[in-house]
Amino acid sequence: TSVETFYEQVGGEETFRRIVARFYQEVAADELLRPLYPEEDLGPAEERLRLFLVQYWGGPHTYSDQRGHPRLRMRHAPFKIGPAERDAWLRCMRIAVDEENLAPEHREQLWSYLEMAAHSMVNSWF
Ligand code: HEM
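The model shown is predicted, which means the values in this text are computed figures rather than measured ones.

A.B. asks: Would you explain the coordination of the iron atom of the ligand in this entry?
C.D. replies: When four donors bind a metal tetrahedrally, each ideal donor-metal-donor angle is 109.5 degrees, and when six bind octahedrally, the ideal angles are 90 or 180 degrees. If you check the protein contacts of the iron atom of the ligand, you find one donor only, His 76 (NE2), at 2.0 Å. Among the structural elements, His 76 can be located in helix α5 (residues 72-76).

Put into structure tokens, the structure is as follows:
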């Protein structure tokens, strides 16, 4: 009776789990991005990004139950994110998203959001 959310349409939690895991596999090997992450274990960061995206796209609100309001620009303020870091982040995410066999309209919708969000996270221009 209810309209499916984007989260459900693309396959729910498993889909986001795979995308974010693949993304962090790339981050772990990226010499520009890896040093930005304060923890040696990328697992907790992976979980936070997954829970955030799940919530954003209409899945369970576990992210905010655990972390409160996202305030993503504020949470990224401690890290120097310039155009190079943004592009590296998007490169990793592009690989992860492309490896999912999403319907073209879903892929396009997800990618537009990620690109916009990554651009909005830039906090340093030198
Ligand atoms: C956290 C880097 C863009 C979502 C973090 C952290 C770093 C980082 C270093 C801290 C790791 C941790 O959670 O402990 C970057 C860089 C970006 C970027 C270099 C390049 C533009 C984005 C975008 C999103 C996002 C576009 C959302 C679509 C998150 C979330 C957290 C996080 C949800 C955890 C926040 C929390 O609850 O503490 N990011 N990020 N990031 N990032 Fe990003």
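A.B. asks: How do you make sense of the site of the ligand when you look at a structure like this?
C.D. replies: By nearness alone, 21 residues border the ligand, and Arg 48, Tyr 63, Arg 67, His 76 and Trp 89 come closest of all. The separation between an oxygen atom of the ligand and a polar side-chain atom of Tyr 63 is 2.5 Å. The set of elements that each furnish at least two residues to the shell around the ligand consists of α3 (43-56), α4 (62-67), α5, α6 (83-98) and α7 (104-120). Of the residues contributing to the shell around the ligand, the split by class is 15 nonpolar, one polar and five charged.

A.B. asks: I would appreciate a short explanation of unusual backbone geometry in the present structure.
C.D. replies: Most of the time, phi is negative for any residue but glycine, and the peptide bond is trans. Although it is not a glycine, Arg 71 sits at a positive phi angle of roughly 40°. The residue Arg 71 is located in the loop between α4 and α5 in this model.

Conventions adopted
Residues numbered from 1 in each chain as written. Predicted model: local features only at pLDDT ≥ 70, side-chain atom pairs only at ≥ 80, totals over all residues. Heavy atoms only, no water. Donors = N, O, S within 2.8 Å, 3.2 Å for Na, K, Ca; no water. Helix = DSSP H or I, 4+ residues; strand = E, 2+ residues; numbered from the N terminus. Near = heavy atom within 4 Å. Polar contact = N/O pair within 3.5 Å; in protein donor to acceptor, adjacent residues only side chain to side chain. Nonpolar A, V, L, I, M, F, W, Y, C, P; charged D, E, K, R; others polar.

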